[in-house]
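# Report on the structure
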Amino acid sequence: AQKITQTQPGMFVQEKEAVTLDCTYDTSDPSYGLFWYKQPSSGEMIFLIYQGSYDQQNATEGRYSLNFQKARKSANLVISASQLGDSAMYFCAMRDTGGYQKVTFGTGTKLQVIP
Amino acid sequence: DGGITQSPKYLFRKEGQNVTLSCEQNLNHDAMYWYRQDPGQGLRLIYYSQIVNDFQKGDIAEGYSVSREKKESFPLTVTSAQKNPTAFYLCASSRGRGNEQFFGPGTRLTVL
């Protein structure tokens, strides 16, 4: 069974600074995908970034980058130049390679950006 | 604009009543999903459907039912058999297996 662990229930970051949100995972599948989603207070889940297990390079999308360390089974999200609008819950998720490629979510990290 | 709509945004029901949550998408996605989110928790999968007229149970399907008669629609019924239905319900869709999921705005269900 696959598992996603986010050990930081809450984080604070100063505006314009960079912040790293931790995510570790556990799976026995050689092929899998890792996602990060943002959930503002409105509740909607917003897709941020994706990393495939066979991707050679770390994924980047604008101010978001994924620090993928396969041997350590970690997929940390790095947000550069934090903005007040980045304050939200952030969820790490993993897709397995089973019949319908189920997605398992972590418990989330609440990020608060301080002016 | 393409997207996923869920209605209503807030829903109240009396204990013992069935209630149906709507989910519609115009993204032409094949796969659709229903998740439940409790305070301080991640998302847990209730049901999913990869194609019209087919759906599968997720991790917490007991007390819920779904239908997929049209590609665009995937309604979720919370039955009286669901012991603790008060939660935030999110619907999602994707082009197919392995692709990122796009989410609707959610429905907050409260049982009185």
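The notes below deal with the structure included here. Keep in mind the model is a prediction, meaning the values are calculated, not measured.

## Things to note about the pattern of salt bridges
All names here are of chain B. Scanning the model with the defined rule gives 5 salt bridges over all chains in all. As a salt-bridge pair, Asp38 and Arg44 come within 2.8 Å of each other at their nearest N and O atoms. Accessibility expressed as a relative area gives 14% for Asp38, which makes it buried. Ionic contacts of the salt-bridge type, sharing partners, join the residues Arg36, Asp38 and Arg44 into one network.

## Structural notes on the interface of chain B and chain A
Frequently, the measure chosen for interface size is the accessible area removed from exposure when the parts meet. Contacts between chain B and chain A engage 21 residues on the former and 18 residues on the latter. Interface area, chain B with chain A, both sides summed: about 1600 Å², of which 55% is carbon and sulfur. At the junction of chain B with chain A, the criterion picks out 0 salt bridges. The interface formed by chain B and chain A contains 2 residue pairs in polar contact (both at pLDDT 80 or more). At the level of secondary structure, the elements contributing two or more residues to the side of chain B that touches chain A comprise strand 4 (31-37), strand 5 (43-51) and strand 9 (87-94) of chain B. Here the side of chain B that touches chain A takes 4 residues from strand 5 of chain B, the largest share from any one element. The residue makeup of the side of chain B that touches chain A, split by class, is 8 nonpolar, 9 polar and 4 charged.

## Considering the pairing of strand 3 (residues 19-25) of chain B
Residues and elements named next belong to chain B. What you see with strand 3 is a clean split: Val19, Leu21, Cys23 and Gln25 sit on the buried side and Thr20, Ser22 and Glu24 on the side with no burial. As judged from the 4 bridges shared by strand 1 (residues 4-7) and strand 3, these two strands associate in the antiparallel manner. Across the sheet, Ile4 pairs through a bridge with Gln25, a residue of strand 3. In this sheet, strand 8 (residues 76-78) lies alongside strand 3 in antiparallel orientation, the contact comprising 3 bridges. Bridging across to strand 8, Thr20 finds its partner in Thr77.

Basis of the calculations
Residues numbered from 1 in each chain as written. Chains lettered and ligands numbered in written order. Predicted model: local features only at pLDDT ≥ 70, side-chain atom pairs only at ≥ 80, totals over all residues. Heavy atoms only, no water. Salt bridge = Lys/Arg side-chain N within 4 Å of Asp/Glu carboxyl O. Buried < 20%, exposed > 50% of the residue type's maximum accessible area, 1.4 Å probe, protein only. Contact = heavy atoms within 4.5 Å. Buried area = accessible area lost by both parts, 1.4 Å probe. Polar contact = N/O pair within 3.5 Å; in protein donor to acceptor, adjacent residues only side chain to side chain. Helix = DSSP H or I, 4+ residues; strand = E, 2+ residues; numbered from the N terminus. Nonpolar A, V, L, I, M, F, W, Y, C, P; charged D, E, K, R; others polar. Pairing = 2+ DSSP bridges.

None of the figures reported here should be taken as evidence of function without further support.
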